[in-house]
Amino acid sequence: MANQILSVWGTIGSVVLAIFILLVMITVHEFGHYLAGKILRFKIDEFSIGFGPALFKHKSKKSGEVFALRLIPLGGFCAFAGEDGLDEGKEEGRNLPEPFGEEFAAPCESDPEKMQEHTLEKSKAEELPTENKTDADGKRKRKPKKEKGYFTEKKPWQRIIVLVAGALMNYVLAVFLIIVCFFAYGQTMTAVYTAEKTDEIPAEFCLQDKDILLKADGKSIYLTTDIARAVNGKKAGDKVKFLISRVIETVTEVDPETGEEKFVKNIREEMTVEVMLRCDVKVKNSADLDAVWKAIGVEYSEEHGGFMLASSSYRFGFFETLGRSFLYSFKIAGSIFKIIGELLTGNLGITALGGPVTTIAMTSQVASASFRGFLEIAGFIGVNLAVFNLLPIPALDGSKVVFTVIEWIRKKPLSRKVEAVIHAVGFVLLLGFAVMVDILQFVL
């Protein structure tokens, strides 16, 4: 019973940790918008962590900005004044001060007191800052000047900077976490846990147990898809060069208490080997890697239900580690575009994706395993969040950038109401898509 309770609390803790990672990444994203907005003097109404009812609120007396902590920790927002721009298309006089309303029409001249009141109100109205505009009849109309700092009143390039700043902050944090992880623990590389033996292929053309794959066909390996790219399209019997780290000596010591040999460390050496492929390789999509592992001689285990591979940390030199940190982040970003392309062409099924529930489950599993896992998954999510938000999908920052660029080119905006409707519909569709993907994970 105690073990079950501990297991439940462990699961809850893992989920909380996953939610914490997502919340931090989203908060950093919104802070990027906030910071850029402050630098460029945008008027900000509220900066909120989370959604739903407010648990805590504080309003700055100096700036009037509201800082809030809300109940649902799965999001956040930085609300800019006039961000939707809907005030621009409203009818003349709708947002004007009271002196311009219908209730201030000239009273009957026979009532001197009302005439005097009307004159005073009119004189006050004329003192308000206004812009003049002539209507079709040649009569002068008035409307109040727009408040400084409104989102849609800022120049297009300024708005684009603010919109992109959120993704940039996510990426900067992600790269920082990746650098810390690589320097502290080394880069996670694919290792052949068990190499399949065969009499048909000479040993010099085979991988050995515990070989760590560093390069394939002369190109550095960052993701498993790099290995697939190196062997894709090749035939059985073809040879592919791999740079590997191979165990050349195992150091052991005798335990003085038991007299048994105890493992100390493996001494490795980098070397280039030619691996003869054992079958034809035709990779259909990013998830289709079985033929790759079979071709390079990784043993398949019926007991474990998969190919015998492992993740192994490998340390590089200082400058190489620094460079690989950035290149690794680029590889993650590139894989997102590749997966989207495969989805659009039908080469990859929708069940290969995961929604919020799947993401939290995977994050909790990896992050709770070790601090290294925490750093790796946080960096991975950070890059994904940065790239995804810049996609030109309605409701995302990338779509808003597209609308701003169009306005910049046309010298005038598209209908603000139409744009607002597009983003609202896009948000609903994105939410529905995410829920559907999670449901499919459990159904199929």
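Residues numbered from 1 in each chain as written. Predicted model: local features only at pLDDT ≥ 70, side-chain atom pairs only at ≥ 80, totals over all residues. Heavy atoms only, no water.

1. Regarding the overall build of the protein
For the record, the criterion: Every helix listed is a DSSP run of H or I at least four residues long, and every strand listed is a run of E at least two residues long, numbered separately from the N terminus. Three exposure classes are used, based on accessible area relative to the maximum for each residue type with a 1.4 Å probe and protein chains only: buried under 20%, partly exposed in between, and exposed over 50%. In this description, contact between two residues means that some pair of their heavy atoms is separated by no more than 4.5 Å. With residues, only the protein chains shown are counted as cover, and all accessible areas are computed by Shrake-Rupley using a 1.4 Å probe.
When you go through the protein residue by residue, the secondary structure sums to 10 helices and 12 strands. Buried positions account for 35% of the 444 residues belonging to the protein. The long-range fraction of contacts in the protein, counting pairs at least 24 apart against all pairs at least 6 apart in sequence, stands at 66%. For the protein, the exposed area adds up to about 26,700 Å²; of that, 60% sits on carbon and sulfur atoms.

2. Section: the packing of aromatic side chains
How we decide: Working definition: a ring pair exists when centres of Phe, Tyr or Trp rings (six-membered ring for Trp) sit within 6.5 Å. Plane angles under 30 degrees give stacked, over 60 give edge-to-face, the rest tilted.
In the structure shown here, the tally under the stated rule is 14 aromatic pairs. Pairing F80 with F151 gives two aromatic rings, centres 5.5 Å apart and planes at 50°, and the pair type is tilted. Of this pair, F80 sits in strand β2 (residues 66-80) while F151 sits in the loop between β4 (140-144) and α3 (156-185), and the two are 71 residues apart along the sequence. For F151, a relative accessible area of 6% puts it in the buried group. Measuring from ring centre to ring centre gives 5.7 Å for F371 and F374, while their planes differ by 15°; the resulting arrangement is stacked. Of this pair, F371 and F374 both sit in helix α8 (residues 371-389), 3 residues apart, roughly one helical turn. Taken together, the ring pairs connect F31, Y34, F47 and F67 into an aromatic cluster.

3. Remarks on the packing of α3 against helix α6 (residues 318-345)
Threshold: For helices, the fitted line uses only the C-alpha atoms of the stretch in contact; every axis is such a line through C-alpha atoms, and the angle between N-to-C directions lies from 0 to 180 degrees. Roughly parallel here means an angle under 35 degrees, roughly antiparallel means over 145, roughly perpendicular means 65 to 115, and every remaining angle is called oblique. Helix crossings fall into two classes, left-handed where the near helix is turned counterclockwise from the far one by less than a right angle and right-handed where it is turned clockwise.
Their axes nearest at 9 Å, the elements α3 and α6 cross at an angle of 140°. Here α3 is positioned oblique relative to α6, judged by the angle of their axes. In the crossing of α3 with α6, the sense of the turn from one axis to the other is right-handed. On α6, the residues touching Y171, V175, I178, I179, F182 and F183 of α3 are F318, T321, L322, R324, S325, F326, Y328, S329 and F330.

4. Regarding the nonpolar core
Using the following cut-off: Take the buried Ala, Val, Leu, Ile, Met, Phe, Trp, Tyr and Cys residues and link them wherever side-chain atoms come within 4.5 Å; each set so joined is a nonpolar core.
Grouped together as the largest cluster of nonpolar side chains are 32 residues, with contacts concentrated most on L207, L213, V231, F242, V292, W293 and I296. When contributions to this core are tallied by element, the ones reaching two or more residues are β5 (187-192), β6 (211-216), α4 (224-231), β8 (239-254), β9 (261-276) and α5 (290-295). Contacts of F242, omitting those with residues within four sequence positions, involve L213, K215, A216, I227, V231, M271, T272, V273, V275 and I296.

5. Side note on the side chain of D226
Cut-off, in case you're wondering: As used in this structure description, the phrase polar contact means that two N or O atoms lie within 3.5 Å; if the pair is within protein, one of them must be able to donate a hydrogen and the other to accept it, and residues adjacent in sequence are counted only when both atoms belong to side chains.
With respect to the secondary-structure elements, D226 resides in helix α4. There is a polar contact of 3.0 Å between the side chain of D226 and the side chain of K331. Setting aside anything within four residues of it in sequence, one finds D226 in contact with S220, I221 and K331.

6. Quick word on the pairing of β5
Inclusion rule: If DSSP finds at least two bridges between two strands, the strands pair.
Burial of β5 is extensive: 5 of the 6 residues sit out of reach of the surface. Note: β5 against strand β12 (residues 309-314), 6 bridges, orientation antiparallel. Bridged to V192 within β12 is L309.

7. Side note on unusual backbone geometry
The backbone of A395 shows a phi angle near 90°, a positive value even though the residue is not glycine. Assignment of secondary structure puts A395 in the loop between α8 and α9 (397-410). Residue classification places A395 among the partly exposed residues on the basis of a relative accessible area of 21%. Located in the positive-phi region is K411, a residue other than glycine, with phi close to 70°. Mapping K411 onto the fold places it in the loop between α9 and α10 (416-443). Judged by its relative accessible area of 72%, K411 is exposed.

8. Re the confidence of the model for the protein
Convention followed: As a per-residue quantity, pLDDT reports the predictor's confidence and falls between 0 and 100.
Put simply, the protein has an average pLDDT of 82, and 81% of its residues get 70 or more. Mean pLDDT across the secondary structure elements of the protein bottoms out at helix α2 (residues 112-127), with 48, and peaks at α3, with 95. Low pLDDT, under 50, characterises residues 89-115; the stretch is placed with 27 contacts to residues that sit more than four places away or in other chains. Under a pLDDT of 50 for its full length, residues 124-128 has, in the predicted model, 3 contacts with residues more than four places off or in other chains.

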